[in-house]
Amino acid sequence: MTMEPIKLNTSSDLENHVSFNDLDIVNITKLKTSTVIGICEDELFEPQPLILTINMGIPRPEACDSDNISQTVDYDCVRKTVIKFATNNKYKLLESFGEQLSRILLDKYKLSIIELKIEKPAKYPDVDSVGFVMTRKASKSLKFRHYENNIFYLLGSGIIPKK
């Protein structure tokens, strides 16, 4: 069996083949926060701890040469965004929590790719944690989908904004 090389003729071809190998990685390891998340009765009202590890792929930032934080991903700002998102939202599933958070981070920080590991510690007495790992690439469509009340999202779906 022979393998054909991947031909990248256009910028959209390149966008579809982005991997962490092509990028610099900004990471946050084991960020502790809490949110209301779960499907069991005992999970629906009180915030539970979550531990997140975030790997954010970006093209080589100009900050490598300039030493200027405004030319890269500021992990302090990412940290605050994650904590605010977790504090202000409720989800049933780690998967949907992660999907929405990854969309926000990809768009807000102009990431090329994100890997998000979400752990729910002490869910069971005999398990350290349960969790979910996801990898998402940037997409032009993400910019208009991650906020529920975004006018472009609403126009496409026919939903009228809540007042």
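For the structure itself, look to the data block above.
Rules and cut-offs
- Residues numbered from 1 in each chain as written.
- Predicted model: local features only at pLDDT ≥ 70, side-chain atom pairs only at ≥ 80, totals over all residues.
- Heavy atoms only, no water.
- Pairing = 2+ DSSP bridges.
- Helix = DSSP H or I, 4+ residues; strand = E, 2+ residues; numbered from the N terminus.
- Contact = heavy atoms within 4.5 Å.
- Axes fitted to C-alpha atoms, helices over the stretch in contact; angles between N-to-C directions.
- Buried < 20%, exposed > 50% of the residue type's maximum accessible area, 1.4 Å probe, protein only.
- Phe/Tyr/Trp six-rings, centres within 6.5 Å; stacked < 30°, edge-to-face > 60°.
- Expected span 1.5 Å × (residues − 1).

### Focus on the sheet that holds strand β4 (residues 113-121)
No. 1: Spatially, the five strands line up as an open sheet ordered β3-β1-β2-β4-β5, and their pairing is mixed. At either margin of the open sheet sits one strand with a lone partner, and together these are β3 (90-91) and β5 (129-137).
No. 2: Bridging between β4 and β5 involves nine bridges; their strand directions are antiparallel. Counterpart to Lys120 in the pairing with β5 is Val130.
No. 3: Running at roughly 20° to strand β1 (residues 24-37), helix α3 (residues 75-88) makes contact with β1, β2 (48-58) and β3 of the sheet.

### Quick word on the side chain of Ser102
No. 1: Tracing the backbone shows Ser102 in helix α4 (residues 94-108).
No. 2: Aside from chain neighbours lying at most four places away, what touches Ser102 is Ile114, Leu116, Met134 and Arg136.

### Quick look at the pairing of β2
No. 1: Counting buried residues along β2, 10 of its 11 residues qualify, which places the element largely inside the surrounding structure.
No. 2: Examined bridge by bridge, β1 and β2 share 10 bridges and lie antiparallel to one another. Bridge pairing in β2 places Leu31 opposite Leu52.
No. 3: Sheet topology places β2 next to β4; seven bridges connect them, and they run antiparallel. Residue Thr53 lies in a different strand from β4, and its bridge partner there is Lys117.

### Observations regarding the environment of Ser34
No. 1: Counting through the fold element by element, Ser34 comes out in strand β1.
No. 2: When residues no more than four places from it in sequence are discounted, the contact partners of Ser34 are Pro47, Gln48, Pro49, Leu50, Ala86 and Thr87.

### Here we look at the pairing of β1
No. 1: By the bridge criterion, two bridges tie β1 to β3 in an arrangement that is parallel. Among the inter-strand pairings, Val36 is bridged to a residue of β3, identified as Lys90.

### Comments concerning the packing of aromatic side chains
No. 1: Applying the stated criterion across every chain, the model contains three aromatic pairs.
No. 2: Taken together, a centroid distance of 5.2 Å and an interplanar angle of 55° make the contact between Phe85 and Phe97 tilted. With a gap of 12 residues between them, Phe85 in helix α3 and Phe97 in helix α4 connect regions that are remote in the sequence.
No. 3: Of the residues examined, Phe85 reaches a relative accessible area of 8% and is grouped as buried.
No. 4: Between Tyr91 and Phe97 the ring centres are 6.0 Å apart and the planes differ by 85°, which places this aromatic pair in the edge-to-face class.
No. 5: Feature note: the residues Phe85, Tyr91 and Phe97 constitute an aromatic cluster, connected by ring pairs.

### Some words on α4
No. 1: The terminal C-alpha atoms of α4 lie 21 Å apart, and with 15 residues this matches the ideal 21 Å at 1.5 Å per residue to within 8%.
No. 2: Counting buried positions along α4 yields 11 of 15 residues, so the element is predominantly enclosed.
No. 3: Along α4, the positions that sit buried rather than exposed are Leu94, Phe97, Gly98, Glu99, Gln100, Leu101, Ser102, Arg103, Ile104, Leu105 and Leu106.
No. 4: Where α4 is buried, its residues contact β1, β2, α3, β3, β4 and β5.

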